[in-house]
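For reference, the chains in residue letters:
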Amino acid sequence: MFETRGRLARVALHVILIILVIPFVVPLYTMISGSFQGEGLGNYLAVLNVPKLAYFFRNSALIAAVTIAIVYAVTMMAAFGFSKLRIRRREVFFWMMMAALTLPEVVLLSPLFKMAASVGLYNTFWAVIIPIAALQVPFTVLLTRTYVDGIPDDLFEAARIDGAGTIRTFRNVLIPLSKPMAVAVVVLVLINAWNSYLLPLVFLTDPNYQVVTLLPQYFQGQYNDDQTKVMAGALLTALPEIIAYVSLQKYFERGMAAGALK
Amino acid sequence: MTAIDAPAVQRDRRKPKRSRMALKPAGIAWILPAFVLSVGVIYFCIGYSAVLSVHEYRGGLELGDAVGLDNYRTALTNPLFWGALRHTLIFFVAVSAVQITMGIVFAALLHSRVRCAVVFKVIIFLPVVIAPAIMSPVHRRVFATQGPINWLLEHSGLDFLAQPWLAQTSTSLWVVIGVQVWSSIGFAFILFFASMGQIDPSIIEAARIDGASNLRILRSLVVPSVRGTTIALLILNVITSLKLFDYPYLLTRGGPVYSSDFLGTYIHREAVALTNLGYASALAILLLVAAIGTAVAMSLRARER
């Protein structure tokens, strides 16, 4: 966008960029340097020896995987239905769904509490998975429908004329053609499920069922606010996300930028 | 199937769109799972919230007395409610201003010829990916009285500016805003970066030949052509500000003395700590009305222009 003529201008451009990036690095630096103070690597050993540490990660992975599977399946089916099949008052259904886009999850708290009291939702993963999936679906359907609308109807008609049923068309035409959008959906749901905090905080109270976003306060409790170990814990919990993002950079950015399609 | 369909195409040739539609297989069963999951759960919860909001309900199996609109009256006359709303408004304006400006600046800088552009992109976008819950202890340390911010101030001769950022009412809200800005610039950056890629380079070239400076091009050409993204971000920010919970809860618990309280933390406190679920539901309904109202108003205004 900016054209830089001459060396000086080019150096100035880089200097500006580096200065602007400093605030982004300060927390990351604080986290890393803090985690090595005091006992140094010993902080990490202490954190890794926390009983049930693996449970937190396993539970997060399980919740994310199930949420992704549910959202992916219902989103693809709904996008196919809305875009390529015959539905009476289709737009009414669609907009009923889109109205849910603005819904904050705190609105779900009281009703879920009431149900938790009567059905026994505490310390079940479904108390977290179902609301997260329900809140994601309107957005993923919006994205995927827009994408599927862009695939020519002729392809689906051709499949039908060749004798493929609806299920076959879905499996062999829609699923392969919408792969780029599916990647975005998976990444989006992965971030939201893995990072979710409020619902696990309220409904997963037993350490056997807790997730990685609850680890910081667990460490704070374990170490009496020993900051160096809390920093080591934060780094260890952030690490899978950092690795996932750096290695799948393009997909992450595409997944997040998919929101701009609206 | 095809044998029956073929004459139908012939008969309805005058209305080709209609006939094509009629040929398609029925799709209601395909949208049903998504519909039940999202609309079912969400509308049920909204309806249930509405019911709870006109009751006294302190948790447990039994609903308390019906109290009519008392909970709403209490909320609308409570300074805590208006305080939370005022913080939401300040938060929305401040975060949007910085996030959009910096998003545009970073996107423009990284569309120029820059070395190690990937490294910069990763650093800017990383905060978007890491969970607020995981980063919060780190941010608390950054802003602690003995933390790096005060250290920097003390060692650069600005020691009169060093202060307990999180522990005083005058700065706590601004820490929450700063941290949110930190974690959301990357998102704006990615969106602006994508939409700046759509600008025709020959227009910029033409402007440059006409003698426009870099800043002039940014102001008069780039900013207007990414307007759609700016509006999308504003609408998203309205919703984010109204439903904000993670950062204020984790950084300050809404305090000290409610100075960084938001609707999200307020509802959570009433529902969980005080088990005042009827009142919390009334707050939730008010929040929902505000969210839908603002989002609709903003998209209508954006469409008008």
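The structure presented is a predicted model; accordingly, all values stated were derived computationally and were not measured. Chains are numbered independently. Their residues run from 1 in the order of the written sequence. Going through the entries in the order they are written, you letter the chains from A and number the ligands from 1. For a predicted model such as this one, the threshold for reporting local features is a pLDDT of at least 70, and the threshold for listing and counting side-chain atom pairs is 80 or more; totals across whole chains, interfaces and linings nevertheless cover every residue. The basis for every side-chain value is the complete set of non-hydrogen atoms in the structure, without hydrogens or water.

### A look at the overall build of chain B
For the record, the criterion: We count a stretch as a helix when DSSP gives it H or I for four or more residues in a row; a strand needs E for two or more, and each element gets its number in order from the N terminus. Radius of gyration here is computed from C-alpha atoms only, and the compact-globule reference equals 2.2 Å multiplied by the residue count raised to the power 0.38. For every residue, the accessible area (1.4 Å probe, protein chains only) is compared with the maximum for its type, and the residue is labelled buried under 20%, exposed over 50%, or partly exposed between those bounds. Pairs of residues are marked as contacts when any of their non-hydrogen atoms sit within 4.5 Å. Surface accessibility follows the Shrake-Rupley procedure with a 1.4 Å probe radius. Residue values consider only the protein chains on display as shielding. Neither His nor the chain termini are counted; the positive set is Lys and Arg, and the negative set is Asp and Glu. All charge positions are set by atom: Lys at NZ, Arg at CZ, Asp at CG, Glu at CD.
A count of helical and extended segments in chain B gives 15 helices and 0 strands. Against the 2.2 N^0.38 benchmark of 19 Å for 305 residues, chain B shows a C-alpha radius of gyration of 26 Å, more extended than a compact globule. In terms of overall dimensions, chain B has a C-alpha envelope of 85 × 75 × 35 Å along the principal axes. Here chain B, with 305 residues, has 50% of them falling under the buried criterion. Across chain B, the fraction of contacts at a sequence separation of at least 24, relative to all contacts at a separation of at least 6, is 66%. When the accessible surface of chain B is totalled, it reaches about 14,700 Å², and 65% of it is carbon and sulfur. Both charge centroids of chain B, one from 26 positive and one from 15 negative side chains, sit 12 Å from each other.

### Re the overall build of chain A
For chain A, the count of helices and strands is 13 helices and 0 strands. Element order for chain A, N to C, with α for helix and β for strand: α-α-α-α-α-α-α-α-α-α-α-α-α. Across its three principal axes, chain A shows a C-alpha extent of roughly 70 × 70 × 30 Å. Put simply, 80% of the contacts in chain A that link residues at least 6 apart link residues at least 24 apart. Here chain A has roughly 11,300 Å² of accessible surface; of this, 65% comes from carbon and sulfur atoms.

### What to know about the nonpolar core
The line we're drawing: Nine residue types can take part in a nonpolar core, namely buried Ala, Val, Leu, Ile, Met, Phe, Trp, Tyr and Cys, and a core is a set of them joined through side-chain atoms within 4.5 Å.
Residues F219 of chain A together with F106, I124, M135, F192 and M196 of chain B are the most contacted members of the largest nonpolar core, which totals 85 residues. Considering every element that reaches this core, the biggest residue donor is helix α9 (residues 172-196) of chain B, with 15 residues. Filtering out sequence-adjacent residues up to four positions away, F219 of chain A remains in contact with V47, V50, L53, V230 and G233 of chain A. Listed in part, the 82 residues of the second largest apolar core include L112 of chain A together with I31, A34 and F92 of chain B.

### Some remarks on the interface of chain B and chain A
Often, the extent of an interface is quoted as the loss of accessible area upon association of its parts. Heads up, the condition is: A quick way to say it: buried area is the sum, across both parts, of accessible area lost when two parts are put together, with a 1.4 Å probe. Side-chain atoms alone can form a polar contact between residues adjacent in sequence; in general such a contact is a pair of N or O atoms within 3.5 Å, and within protein one must be able to donate a hydrogen while the other accepts it. Asp, Glu, Lys and Arg are counted as charged, while Ala, Val, Leu, Ile, Met, Phe, Trp, Tyr, Cys and Pro are counted as nonpolar; the rest, among them Gly, fall into the polar class.
At the junction of the two partners, chain B supplies 99 residues and chain A supplies 95 residues. Together, W30, I134 and R141 of chain B form the three largest contributors to the area buried by chain B at its contact with chain A, with a combined 9%. If you look at where chain B meets chain A, you find 7 residue pairs in polar contact (both at pLDDT 80 or more). With 19 residues, helix α3 (residues 28-53) of chain B is the largest single contributor of residues to the side of chain B that touches chain A. For the side of chain B that touches chain A, the per-class residue count stands at 77 nonpolar, 12 polar and 10 charged.

### Digging into unusual backbone geometry
The phi angle of most residues is negative, glycine excepted, and most peptide bonds adopt the trans form. Residue and element names in this part refer to chain B. Backbone geometry at Y258 places phi at a positive 60°, although glycine is not the residue there. The topology assignment puts Y258 in the loop between α13 (246-252) and α14 (263-273). Taking relative accessible area as the criterion, Y258 reaches 39% and is therefore assigned partly exposed. Here the phi dihedral of T275 falls at roughly 35°; this positive angle occurs in a residue that is not glycine. For T275, the location among the structural elements is in the loop between α14 and α15 (277-304).

### Focus on helix α2 (residues 41-48) of chain A
Residue and element names in this part refer to chain A. Put simply, the rule is: By construction, the arc corresponds to the directions joining the helix axis to the C-beta atoms.
Along α2, the residues that are buried comprise N43, Y44 and V47. One face of α2 carries all of its buried residues, which in axial projection span an arc of 95°. Exposed side chains of α2 directed beyond 90 degrees from the buried face belong to L41 and L45. Residues of α2 that are buried sit in contact with α1 (6-36), α3 (53-84), α11 (215-222) and α12 (227-247).

### Points about the pattern of salt bridges
What counts here: Salt bridge, as used here, is a side-chain nitrogen of Lys or Arg placed within 4 Å of a carboxyl oxygen of Asp or Glu.
Counted by the stated rule, this structure contains 6 salt bridges over all chains. The partner of R145 of chain A in a salt bridge is D149 of chain A, and the shortest N-O contact between them spans 3.5 Å. With R145 of chain A and D149 of chain A both in helix α6 (residues 126-149), this residue pair falls 4 residues apart, about one helical turn. In this structure, R73 of chain B engages D70 of chain B in a salt bridge whose closest nitrogen and oxygen atoms are separated by 3.0 Å.

### A look at the environment of Y72 of chain B
Residues and elements named next belong to chain B. Here Y72 lies in helix α4 (residues 70-76). Relative accessible area serves as the criterion here: at 16%, Y72 is assigned to the buried category. Remark: the alpha-carbon pair of Y72 and F91, spanning 19 residues in sequence, is separated by 24 Å. Ignoring anything within four residues of it in the chain, the contact list for Y72 reads S53, V54, A282, I285 and L286.

### Examining the confidence of the model for chain B
Detailed reading of predicted coordinates is not advised where the pLDDT is low. All names here are of chain B. We apply this condition: Scored between 0 and 100, pLDDT is the confidence that the predictor attaches to each residue.
The pLDDT averaged across chain B works out to 84; a share of 92% of its residues lies at or above 70. The least confident element of chain B is helix α1 (residues 2-11), whose mean pLDDT is 42; the most confident is helix α5 (residues 79-111), at 93. Under a pLDDT of 50 for its full length, residues 1-16 has, in the predicted model, 6 contacts with residues more than four places off or in other chains. The ipTM value of the predicted complex is 0.82, and its pTM value is 0.85.

### Let's talk about helix α10 (residues 201-209) of chain B
Residue and element names in this part refer to chain B. Residues of α10 that are buried include every one of I204, A207 and R208, and no others. When α10 is viewed along its axis, its buried side chains cluster within an angular range of 100° and face the same direction. Check the buried side of α10 and you find it contacts α11 (214-225).

### Notes on the confidence of the model for chain A
Overall, the prediction assigns chain A a mean pLDDT of 84, with 94% of residues at 70 or greater. At the level of individual helices and strands, chain A shows its lowest average pLDDT in helix α13 (residues 249-257) of chain A, which scores 73, and its highest in α3 of chain A, which scores 91.

### Topic: the packing of aromatic side chains
Basically, it comes down to this: Aromatic pairs are defined between Phe, Tyr and Trp rings, using the six-membered ring for Trp, whenever the two ring centres lie within 6.5 Å; interplanar angles under 30 degrees are classed as stacked, those over 60 as edge-to-face, and all others as tilted. In our convention, an over-ring charge means Lys NZ or Arg CZ found within 6 Å of a ring centre and within 35 degrees of that ring's normal.
On inspection of all chains with the given rule, the structure shows 22 aromatic pairs over all chains. With a centroid separation of 5.5 Å and an interplanar angle of 65°, the aromatic rings of F125 of chain A and Y209 of chain A are classed as edge-to-face. Within this pair, whereas F125 of chain A is found in the loop between α5 (109-120) and α6, its partner Y209 of chain A is found in the loop between α10 (198-203) and α11, the two being separated by 84 residues in sequence. Taken together, F80, F156 and F170 of chain A together with W30 of chain B form an aromatic cluster joined through their ring pairs. Between R145 of chain A and the ring centre of F94 of chain A, over which it is positioned, the NZ or CZ distance is 4.5 Å. The aromatic ring of Y249 of chain B is capped on one face by R253 of chain B, whose charged end is 4.2 Å from the ring centroid.

### Points about a positive patch on the surface
What counts is decided by this rule: To count toward a patch, a residue needs a relative accessible area over 30% and no salt bridge; like charges are then connected within 9 Å, while nonpolar side chains (Val, Leu, Ile, Met, Phe, Trp, Tyr) are connected within 5 Å.
Together, R7 and R10 of chain A together with R113 and R115 of chain B line one region of the surface with positive charge. Its location among the elements puts R113 of chain B in the loop between α5 and α6 (117-129).

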